[in-house]
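Residue strings, one per chain:
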Amino acid sequence: MPSATITEDLEILNAGGGPPANRGIDGGDSRGDSGSFYARERRMYLTGVSVALAGILMFFMALASSYIVRKGTGTDWQPIEMPGILWVNTAVLVASSITVEVARRKLAFAGGVSAFRNWWAITTALGVLFLGGQIVAWRVLADQGLFLATNPSSSFFYVLTASHGAHLLVGVLALLYVAVRTGQAAWRRRAIAAEGIAIYWHFLDGLWVFLLLLLNFGR
Amino acid sequence: MGSKKGNTGSAATATTLALFLVALTVFTVYIFVAKPIWSWFPPAINEIGHEIDRQFMRTLVITGVVFVLAQFGLAWVVFRYRTRGQRATYSHGNNVMEVIWTLATAILFIGLGIYAQRAWAEVRLKPAPPDAMRIEVIGQQFKWSFRLPGPDGKFGKYKFEAHPEQEFTRDPWVVDADDPDGKDDVILGPGSVFAVVVDQPVELLIRSKDVTHSFFVRELRLKQDAVPGMTVPLQFTATVPGEYQVVCAELCGQGHHLMGTFMKVLSREDYAAWLKDMTAE
Amino acid sequence: MTTHAGAVHAHEAPQGFIRKYIFSLDHKVIGKQYISLALFSAFVGMFLSLLMRMRLAWPTMKLPFFPDGILPEQYLAMVTMHGTIMVFMVLTTAPQSGFGNYFLPIQIGAADMAFPVLNMLSFWTTLLSLVVLMAAFFVSGGAPLGGWTVYTPLSAIGQIAGPGQGLGMTLWVIAIAIFCGASLMGAINFIATTLDLRSRGMSLMRLPLTVWAWFITAVISLLAFGVLLAAGILLLLDRTAGTSFFIPGNLVLTDKVIPHKGGSPILWQHLFWFFGHPEVYIAILPGMGLASHVLSTFSRKPVFGYRAMVFAMSSIAFLGFIVWGHHMFVSGMSPYVGLAFSVLTMSIGVPSAIKTFNWLGTLWGGDIKFTTPMLFALGFVSLFVSGGLSGLFLAQTSIDQYLHDTYFVVAHFHLIMGVAAIFGIFTGVYFWFPKMFGRMMSDTMGKLHFWLTFVGVYAIFMPMHFIGLAGHPRRYADGSGAAYLASMDPVHVFMSVAAFVTIAAQFIFLFNFLWSIWKGKKADINPWQATTLEWGVPSPPPHDNFAGHEPPVHRGAYEFAVPGVADDYIMQTTPPEKVAKA
């Protein structure tokens, strides 16, 4: 078994390199077949993603608490007007959450891979569109003379949107990675990757809605 | 290890360890009882200080008993159950004992914690009495300064307080010339000593000009951070005349360890004389 | 293990030096890499403490590289870097990332961690963080002087606040932000591995307590480090981008007005301690797990109250997240909030007491073998009691008004999270060395190391409590600022001498460690007659641990002295029919 690249090595490790030996002892084993390996691998990846989300959530909760505390204690807080394009961006992101879910579900059917690829590509495009829209929102603020250090409210606006944007950019890269690898017919973990990324994507979608509500109604 | 040579040296090791634990415990308790000067706080000079001392002693007795029992217990089991070729007792625990010691420690520790709040409430939750002498304490790298409100009992506003919108390029910690309250303020500049009247309630208003400092007088048993951007009150009534060391207890830079001054506790007459001296300059 | 016949290697050993030892995906190599990183950092941190003790005992003494003696700002830079290096690079990495990486997969019967690439990445990120942190020593102005808690605004306004507060401080923040990322990656891996890669029969209640400790620690890391990362980013922006999250208005330093306004210094303290208090448990929990494990193994007796131990560790983790305000009683925080934090903090003494009682219960009625790891585990219990009880004073608002920021605090946390945690690490090294390197460490040198260290640390830190009671503030370069500190000078000299002896003893350990790797007596597969899975694989374990098998687990981790059985231990993997009757 060659292990030329890290990814392959990882796959061999996680998928099991062949029929597992030593399965018969202790009175039979219910998960000796390769299907159970797949199930275990799926569980492992989904655990990893969910656990990561808890850590990311704590990061954003720390920023959100700081927002509330800083607004409450300082006397220099000046609310900023939310650029209108944020609502368009929000619609784009919510739509992408729907398309990624559609894409993921296509994989459940035999021969659904090409439909998956299309919906997946749409999601990726919407993700890029959202990021572009966020940059436009920054430009709108900058044109009003509102920069990172102008006022605590603008500081938090840039910090929160940039932090969310950075996480979303990671999501877009993951989407692209899957899009590229989907061409490889033998890729066993496509469905797991799609499911994990979809969870991450929904989370970022929900997180954005929360941040927008905080920035809009908490200003 | 191995079962064949498992016993060698175990008696000597067990005895040494047990004796060390006993010696450590006895020596520690001895210092708490003997209280050499480097190991104990000076007498308190306020009622709250005495209450804090009493709470300290209550805690010391409880933790002391636990400390002695736990270390002696460890010494005992180590010595008693050292390997002598016996077979250990097979036991996975005892739920009744778990419940007993959980409840016992919970009641003891949390009860102690609630009891401690009396002194805290006395200093921190009650407003200062209206006749309290108010003194502003300002920390800066690496000196303390003070301000007294003068006969009118009111502090004048600093420039930045009088004009919050203005951007300052020079030190705005100067009493605003237009504020009538500030005309009679007595300013004791950086490095000054300050004084309070014996048996008179005092309210300190603690502030900082640059970084976080902390006002600490051992004999008052009180400490309060001087936080930039905030004014934090601290009240006490000193009952013993004397001169007491003030130190900085929050790391504030390379001169942190030198940031000290004195608090004088004076009789009313001595205080009047001291104040006259201060304002004469 | 039953048979190796017909086993297919699921995880082929990589060829070539680089893949095998440098950019390795093998959890065992990564574990050793972490341990090496921690060992290096520990000696750097210890060297800094040596210099600090020199300054405190003999403030004006001239030293090589310090022609005018150690200056106060250099002393404070040492304070900061000693704390940072020890807390992050030693206490967080060695017990969790080091031993956890090496032994968690083996103890649960897995071939590797869940995500080997992530694992490798987290080590290299940690190393990067260490390099950036160390760079602070060499930049203009030197290392920061604000202490490891880097309170704002001292840490936020730049060079004007003092030497080292310029570039050195910026590097510090960047290093810690990188470290947060590394720890988060590690935490994800530990949690997924423990939940999903357990072997057949390895139910949660059969896990060794070491695994429980690593798992719970990973959960704490996951929830705590994200908060520190957020705080670090905000601090970095305050320093470099002109924002005012933590810097209030109208600050004046050297007659210069700082152009910030409205920020809250206390906000930094809240964010920092929300991380900082759980961090204490990140340092100590793995030690607790290992102490339980080793006390049971060498008293040849099951852990007393296994479930109570799991419960206690979980409640410590939970309570650890709601007590951070006890670091801030005199910070200017609302006194009502302080009251609530105080009572919550007292309640954290309860699970700690449960653990102590259960350790004594484990030893009670045992057949105690005094091996070197056992001595360190017993030392851990003694230190945990001594260091823990002083916490009951500090947790009380009224008493803390006096004791806060005195040497009493320094003595308290050094005993419990410094020395006790280090004793946990030593327990791990002496206990697992035969498995990791296939050779035994010298018992004679080990015991000498134990005695000198155990007596030494008590000689350093017990007197330190007393000068704290006498009101000696911490982080003082010398006692020249207050007359009453003069009476404590002889105590400083005593502690410094004790520190030199203790530090010298660590070279015995270093020699023993390095010497035994090559020259130690060959170790059997199970030299301690222990029960857990790592003792059923060769020493050192092969690349894929169980040679493609998934070892079935038949019982809990601590079956010692089972009545009616010939040996005084039964391994977790021994099938019931193979257990020899007495």
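A quick note: this is a predicted structure, and the numbers were derived from the prediction, not measured. (Residues numbered from 1 in each chain as written. Chains lettered and ligands numbered in written order. Predicted model: local features only at pLDDT ≥ 70, side-chain atom pairs only at ≥ 80, totals over all residues. Heavy atoms only, no water.)

Notes on the overall build of chain B
Inference 1: For chain B, the helix and strand inventory stands at six helices and ten strands.
Inference 2: Expressed as lengths along the three principal axes of its C-alpha atoms, the size of chain B is roughly 90 × 40 × 35 Å.
Inference 3: In chain B, which comprises 281 residues, the proportion classed as buried is 51%.
Inference 4: Within chain B, contacts between residues separated by at least 24 positions form 69% of all contacts whose residues are at least 6 apart in sequence.
Inference 5: For chain B, the centre of its 28 positive side-chain charges and the centre of its 29 negative side-chain charges are spaced 16 Å apart. (Helix = DSSP H or I, 4+ residues; strand = E, 2+ residues; numbered from the N terminus. Buried < 20%, exposed > 50% of the residue type's maximum accessible area, 1.4 Å probe, protein only. Contact = heavy atoms within 4.5 Å. Lys, Arg positive; Asp, Glu negative; His and termini not counted. Charge placed at Lys NZ, Arg CZ, Asp CG, Glu CD.)

Some details on a nonpolar patch on the surface
All names here are of chain C.
Inference 1: There is a patch of nonpolar side chains on the surface, built from Trp58, Met61, Leu448, Leu452, Val497 and Val501 and spanning about 460 Å² of accessible area.
Inference 2: For the nonpolar patch, the secondary structure elements donating two or more residues are helix 15 (443-469) and helix 16 (489-519).
Inference 3: Note on placement: Leu448 falls in helix 15. (Patch = residues over 30% accessible without salt bridge, like charges linked within 9 Å, V, L, I, M, F, W, Y side chains within 5 Å. Areas by Shrake-Rupley, 256 points an atom, 1.4 Å probe, with all protein chains shown as cover. Salt bridge = Lys/Arg side-chain N within 4 Å of Asp/Glu carboxyl O.)

Quick look at the sheet that holds strand 4 (residues 194-197) of chain B
Residues and elements named next belong to chain B.
Inference 1: If you trace the five strands from one edge of the open sheet to the other, you get 4-10-9-6-7, paired in mixed fashion. A single partner strand is all that each edge strand has here, and the edge strands are strand 4 and strand 7 (222-226). Looking at each pair of strands side by side, their axes are set apart by 25 degrees on average, direction ignored.
Inference 2: Where strand 9 (residues 242-248) meets strand 10 (residues 261-266), five bridges bridge the pair, whose relative direction is antiparallel. When the sheet's bridge partners are listed, Glu243 is paired in strand 10 with Lys264. (Pairing = 2+ DSSP bridges. Axes fitted to C-alpha atoms, helices over the stretch in contact; angles between N-to-C directions.)

A few points about the pattern of salt bridges
Inference 1: With the rule as written, the count across this model stands at 29 salt bridges over all chains.
Inference 2: Note that Lys447 of chain C is salt-bridged to Asp443 of chain C, the shortest N-O span being 3.0 Å. Note that Lys447 of chain C and Asp443 of chain C are positioned in helix 15 at a spacing of four residues, about one turn of the helix.
Inference 3: Relative accessible area serves as the criterion here: at 37%, Asp443 of chain C is assigned to the partly exposed category.
Inference 4: Where salt bridges share partners, they join Glu47, Glu51, Arg54, Arg58 and Arg118 of chain B into one cluster.

Focus on the interface of chain B and chain C
Inference 1: Facing the 104 residues of chain B at the interface are 118 residues of chain C.
Inference 2: In this assembly, chain B packs against chain C so that about 9500 Å² is buried in total across both faces, 69% of it on carbon and sulfur atoms.
Inference 3: Linking chain B with chain C are one salt bridge, by the criterion used here.
Inference 4: Among the salt bridges present, the one from Glu167 of chain B reaches Lys261 of chain C, with a minimum N-O distance of 3.9 Å.
Inference 5: Taken together, the connections running from chain B to chain C amount to 33 residue pairs in polar contact (both at pLDDT 80 or more).
Inference 6: Within the residue set of the side of chain B that touches chain C, elements represented by two or more residues are helix 1 (10-34), helix 2 (47-80), helix 3 (95-115), helix 4 (117-125), strand 7 and strand 9 of chain B.
Inference 7: Ranked by residues supplied to the side of chain B that touches chain C, first place goes to helix 2 of chain B with 15 residues. (Buried area = accessible area lost by both parts, 1.4 Å probe. Polar contact = N/O pair within 3.5 Å; in protein donor to acceptor, adjacent residues only side chain to side chain.)

Overview of the arrangement of the chains
Inference 1: Inter-chain contacts occur across two pairs of chains; the most extensive set of contacts lies between chains B and C.
Inference 2: Contact between chain A and chain B is absent, and the minimum C-alpha spacing across the pair is 9 Å.

Points about the pairing of strand 4 of chain B
All names here are of chain B.
Inference 1: On strand 4, burial covers both faces: Phe194 and Val196 on one face and Ala195 and Val197 on the other are all buried.
Inference 2: Where strand 4 and strand 10 come together, four bridges link them in parallel fashion. Across the sheet, Ala195 pairs through a bridge with Lys264, a residue of strand 10.

Some points on unusual backbone geometry
Inference 1: Residue Phe142 of chain B follows Gln141 of chain B across a cis peptide bond; omega there is -5 degrees.
Inference 2: Cis geometry marks the peptide bond from Ser539 of chain C to Pro540 of chain C, where omega comes out at -10 degrees.
Inference 3: Topologically, Pro540 of chain C is positioned in the segment after helix 16.
Inference 4: The backbone of Val150 of chain C shows a phi angle near 30 degrees, a positive value even though the residue is not glycine.
Inference 5: Here Val150 of chain C lies in the loop between helix 5 (116-135) and helix 6 (167-196).
Inference 6: The phi angle at Arg475 of chain C is positive, at roughly 60 degrees, despite the residue not being glycine.
Inference 7: By secondary structure assignment, the location of Arg475 of chain C is in the loop between helix 15 and helix 16.
Inference 8: For Arg475 of chain C, a relative accessible area of 8% puts it in the buried group.

Overview of the domain arrangement of chain B
Residues and elements named next belong to chain B.
Inference 1: Per the domain assignment, the segments of chain B are domain 1 (10-83 + 95-124) and domain 2 (129-149 + 185-280).
Inference 2: Using only C-alpha atoms to locate each centre, domain 1 and domain 2 end up separated by 35 Å.
Inference 3: Contact with domain 1, which involves 13 residues of that partner, is made by 17 residues of domain 2.
Inference 4: Buried surface at the junction of domain 1 and domain 2, both sides included, amounts to about 1100 Å², of which 53% is carbon and sulfur.
Inference 5: The interface formed by domain 1 and domain 2 includes one salt bridge.
Inference 6: Here Arg221 ties to Asp53 by a salt bridge, and the two come within 2.6 Å at their closest N and O atoms.
Inference 7: In this structure, the connection of domain 1 to domain 2 is made through eight residue pairs in polar contact (both at pLDDT 80 or more).
Inference 8: The set of elements that each furnish at least two residues to the side of domain 1 that touches domain 2 consists of helix 2 and helix 4.
Inference 9: Element by element, the count of residues in the side of domain 1 that touches domain 2 is highest for helix 2, at four residues. (Domains from an automatic or database assignment.)

Some thoughts on the nonpolar core
Taken as a class, soluble globular proteins show a tendency for nonpolar side chains to be buried jointly.
Inference 1: Of all hydrophobic cores here, the largest spans 352 residues; its most connected members are Phe194, Leu204, Phe215 and Met263 of chain B together with Phe88 of chain C.
Inference 2: Those residues in contact with Met263 of chain B, other than ones at most four positions away along the chain, are Ile45, Phe194, Val217, Leu220, Phe236, Gly242, Glu243, Tyr244 and Val246 of chain B.
Inference 3: Of all hydrophobic cores here, the second largest spans eight residues; its members include Tyr158 and Phe160 of chain B together with Val252 and Val257 of chain C. (Core = buried A, V, L, I, M, F, W, Y, C linked by side-chain atoms within 4.5 Å.)

Some points on helix 3 (residues 85-106) of chain A
All names here are of chain A.
Inference 1: Between its terminal C-alpha atoms helix 3 stretches 32 Å, which fits the 32 Å expected from 22 residues at 1.5 Å a residue.
Inference 2: Leu86, Asn89, Thr90, Val92, Leu93, Ser96, Ser97, Thr99, Val100, Glu101 and Ala103 are the residues of helix 3 that are buried.
Inference 3: Looking at the buried side of helix 3, the elements it contacts are helix 4 (113-143), helix 5 (152-181) and helix 6 (190-217). (Expected span 1.5 Å × (residues − 1).)

A look at the side chain of Glu279 of chain C
Residue and element names in this part refer to chain C.
Inference 1: Summarising the element assignment, Glu279 is placed in helix 8 (residues 265-298).
Inference 2: Here Glu279 sits buried without a salt bridge, and the closest side chain of opposite charge, Arg474, lies 14 Å off (N-O distance).
Inference 3: In this structure Glu279 touches Val87, Thr92 and Phe225, once residues within four positions along its chain are discounted.

A word on the packing of aromatic side chains
Inference 1: For the coordinates displayed, the defined rule picks out 85 aromatic pairs over all chains.
Inference 2: With a centroid separation of 5.1 Å and 85 degrees between ring planes, the pair formed by Phe272 of chain C and Trp273 of chain C is classed as edge-to-face. You'll find Phe272 of chain C and Trp273 of chain C in the same group, each marked buried.
Inference 3: For the ring pair Phe511 of chain C and Trp515 of chain C, a centre distance of 6.5 Å and an interplane angle of 25 degrees mean the geometry is stacked. Pair noted here: Phe511 of chain C and Trp515 of chain C are both in helix 16, with a separation of four residues, about one helical turn.
Inference 4: Lying across the ring of Tyr484 of chain C, Arg218 of chain B places its NZ or CZ 3.5 Å from the centre.
Inference 5: When the ring centre of Tyr402 of chain C is taken as origin, the NZ or CZ atom of Arg221 of chain B, which lies over that ring, is 5.3 Å away. (Phe/Tyr/Trp six-rings, centres within 6.5 Å; stacked < 30°, edge-to-face > 60°. Lys NZ or Arg CZ within 6 Å of the ring centre and 35° of its normal.)

Considering the sheet that holds strand 2 (residues 143-148) of chain B
All names here are of chain B.
Inference 1: Overall, mixed pairing links the five strands, which are arranged 3-2-1-5-8 in an open sheet. Across the chains shown, the open sheet's two edge strands, defined by having one partner strand only, are strand 3 (186-188) and strand 8 (232-237). For this sheet, the mean inter-axis angle between neighbouring strands, taken without regard to orientation, is 25 degrees.
Inference 2: Bridge analysis of strand 2 against strand 3 gives three bridges, and the strand direction is antiparallel.

Things to note about the confidence of the model for chain A
Inference 1: Here chain A shows a mean pLDDT of 85. Residues at 70 or above account for 84%.
Inference 2: Long-range and interchain partners of residues 1-34 of chain A, a stretch whose pLDDT sits below 50, account for 68 contacts in this model, where long-range means more than four residues apart. (pLDDT = per-residue confidence, 0-100.)

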